[in-house]
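# Commentary on secondary and tertiary structure
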Amino acid sequence: MSDFDDELLFDDDESLPDELILLPSNQVSDAKPINILLFAQQQAHTDQQQNILWPVYGWRIAAPQVSERKLDFLQLTSLRLTHAGVTRHQDQAQMLGQHKDFLFNVMLKLENQGYIDRKARLTDKGEKILQQDGKEDEEKTEYGWIFQDATAGELLSWFYTKSLRYADSSRSDVSQAFQLPWIRQTLPTPNAADVTSAIKTQRRLLKRIQADGLNTEANNAVSDAYGFTEISKADTLTQSSNTKVEQTENFGVRLLSKRPQQFYLLVSCSVEGTSDGQFSLRCPFGLPDGFRWVRLLNFATSQCEEGKKIVEHLQSKSREAWKRKQPGEIEPISLAREAYDKIIFEVGSVPDKVWQQVWKELERLEQSRTLLGRGFDETDTSITRSQRVLEQLMFTLLQLDTIPANIWEPYKSRDTLQQCLKDTVVACGGSEIPERILFTKLGAIRNVLDGGKDSLRPYVVTFLLSASRRNSLHRSILEYLLKKHLDFLVDIEKIAHIRNTIGAHAGVIHKEPIILAEDLVTKTYQIVRLVIQAWRLTNNQFSKEV
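Residues numbered from 1 in each chain as written. Predicted model: local features only at pLDDT ≥ 70, side-chain atom pairs only at ≥ 80, totals over all residues. Heavy atoms only, no water.

Our focus in this paragraph is the packing of helix α2 (residues 89–96) against helix α3 (residues 100–112). Two numbers describe how α2 lies on α3: the axes approach to 8 Å, and their chain directions differ by 120°. With respect to α3, the element α2 is oriented oblique. Remark: the crossing between α2 and α3 carries right-handed chirality. Contacts between α2 and α3 pair His89, Gln90, Gln92, Ala93 and Leu96 from the former with Lys100, Leu103, Phe104 and Met107 from the latter. Looking at the contact of α2 with α3, its residues break down into five nonpolar, three polar and one charged. (Axes fitted to C-alpha atoms, helices over the stretch in contact; angles between N-to-C directions. Helix = DSSP H or I, 4+ residues; strand = E, 2+ residues; numbered from the N terminus. Parallel < 35°, antiparallel > 145°, perpendicular 65-115°, else oblique. Left-handed = near helix turned anticlockwise from the far one by under 90°. Contact = heavy atoms within 4.5 Å. Nonpolar A, V, L, I, M, F, W, Y, C, P; charged D, E, K, R; others polar.)

This part covers helix α15 (residues 456–467). The first and last C-alpha atoms of α15 sit 17 Å apart over 12 residues, in line with the 16 Å expected at 1.5 Å per residue. Burial of α15 is extensive: 12 of the 12 residues sit out of reach of the surface. The complete set of buried residues in α15 reads Leu456, Arg457, Pro458, Tyr459, Val460, Val461, Thr462, Phe463, Leu464, Leu465, Ser466 and Ala467. (Expected span 1.5 Å × (residues − 1). Buried < 20%, exposed > 50% of the residue type's maximum accessible area, 1.4 Å probe, protein only.)

This part covers the confidence of the model for the chain. Detailed reading of the predicted model is not advised wherever pLDDT is low. Residues with a pLDDT of 70 or more make up 79% of the chain, whose mean pLDDT is 80. In this model residues 214–223 is a low-confidence stretch, pLDDT under 50, and it forms 27 contacts with partners more than four residues away in sequence or in other chains. Across residues 504–510, confidence stays below pLDDT 50; counting only partners more than four residues off in sequence or on other chains, it has 17 contacts. (pLDDT = per-residue confidence, 0-100.)

Once that is clear, we can look at the pairing of strand β8 (residues 261–271). Taken across its 11 residues, β8 has nine buried, putting it largely inside the fold. Taken together, the three bridges between β8 and strand β9 (residues 279–281) define a ladder with antiparallel strand orientation. Residue Val271 lies in a different strand from β9, and its bridge partner there is Phe279. (Pairing = 2+ DSSP bridges.)

On the secondary structure map, His83 appears in helix α1 (residues 73–83). Through-space distance from the C-alpha of His83 to that of Leu122 is 6.5 Å; in sequence the pair is 39 residues apart.

Looking at where Thr151 falls in the secondary structure, it is placed in the loop between β3 (135–149) and β4 (155–160). Relative accessible area serves as the criterion here: at 0%, Thr151 is assigned to the buried category. Engagement of the side chain of Thr151 in a polar contact is seen with the side chain of Asp149, the distance being 2.6 Å. Thr151 has contacts with Trp54, Leu180, Pro181, Ile183, Arg184, Leu296, Phe299 and Ala300, leaving out every residue within four places of it along the chain. (Polar contact = N/O pair within 3.5 Å; in protein donor to acceptor, adjacent residues only side chain to side chain.)

Here we take up the nonpolar core. If you look at the biggest cluster of nonpolar residues, it comprises 62 residues, and the most contacted ones within it are Trp359, Leu362, Phe463, Leu464 and Leu465. If you tally residues by element for this core, the top one is helix α18 (residues 514–545), at 12 residues. Discounting chain neighbours no more than four positions away, the residues touching Trp359 are Ile343, Val347, Gly348, Ser349, Val350, Pro351, Val528 and Ile532. (Core = buried A, V, L, I, M, F, W, Y, C linked by side-chain atoms within 4.5 Å.)

Let us now look at the environment of Leu398. As for its placement among the helices and strands, Leu398 is situated in helix α11 (residues 379–399). Taking the C-alpha atoms as reference points, Leu398 and Val448, 50 residues apart in sequence, are found 9.3 Å from one another. Apart from residues lying up to four places away in sequence, Leu398 is in contact with Ile403, Val448, Tyr459, Thr462, Phe463 and His474.

As a further point, take unusual backbone geometry. Positive phi is not limited to glycine here, since Ala120 has a value of about 60°. Topologically, Ala120 is positioned in the loop between α3 and α4 (124–131). You will see that Asn471, though not glycine, has its phi angle at about 65°, which is positive. Structurally, the position occupied by Asn471 is in the loop between α15 and α16 (473–484). Judged by its relative accessible area of 73%, Asn471 is exposed.

Quick look at the structure:
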């Protein structure tokens, strides 16, 4: 079950006229030769697929790498028999139908590995690996590369221990790629703490891929695409000059090179062909880490004109692709007025300034819906905007109540968390939680609690977890929602599922009927009305109690 396959749309409120946008330069042929690293299959350049040559510094390092060690069947069986009190190798051999010398060697190996002592009694280490069904993490030193972004100086979450592969610079996806400048000509040596943190992040992201059964090839994994959006505080990417640099010998990390080597990464951009110029970025390492590259591109645009040109060009290409598929022109002011009138009819005016952003998303949704009704190619965009409305709705809903930062701590086990969510929904009058919502990972919930941006399902699960607190505002709101609309969670999951399958970012060819988008928009309005009604009633009740 994927909990990271949702993107954040770019809100292009003040787009430049396409004819004024300057084409970014491609200086690959003029610059001194720099190898272009390749971590995914090269694909040909197309109007929908653009690439950015991203400058990075590569450091050779030695660092601890964790791999999973598994006991084989006989070792695990012998350990379980030992735990059950069968401590003589002769007795184990008789029970398993094996030669006694063979079981003697199996138990000797278990002793050498520290799982049993000389009297064949389980050690603490043996108890632990039994609880983990014969699996444990093994740490050993590996030699490889760690990379540092040359725009913001950020250490990237990618420790690569294999031989480097280079892209064919004569291919169109490289020769026609746009090049970011080397904003940081020199960078401080990475410290051991940052390297260790980056490797841990990489390990966590890889586990997400393995758990969800995704392809690690960046060009084949659709779900790591992340829509470009403006970030107002991009300057927070810069490293603090007051940061204390730790000795690189700590944490088992050692630098093997005195100076870094310059490389380019091939960062893929998908031009989505929408009226507001949407495009998505993918992590060049194939990790579900697209938002990192959105942040870095935001920083690049704040630091250099070339970064701005690249963003403006990609937005222009997206709008041009959208225009080619449309019928006649439409008057923007008339469209905005019509969308506003429709929202007033469906849900009324903004009830409070706290809901202002939800109404802005509703306006964008209604504009897409209006264009769709007039023959414009807006099915994908309408579906995507339906989810954006609900994301902003749930995000705002979470801000209404004070949620303890450590609320997740009793639920570190997936089973415990899922049981808590089920019990909460049943206690509030519901009957079921859609499976994809139920399997949202704890890491995504913690990200939401820390104030991070995420997608619809993590917002919903965080709301359910907060509602597990009796006498809380969220509890009262959930009770009202399920009382008035038992399929509240089912409808939310339906919108998320359809959007992830065929939304504007999905990269698949399909011809969905307009009625599907209309149905999702109708459900979106229904959910917004319910949440606002629940807020009004419960907020009044809590105000009276106070």
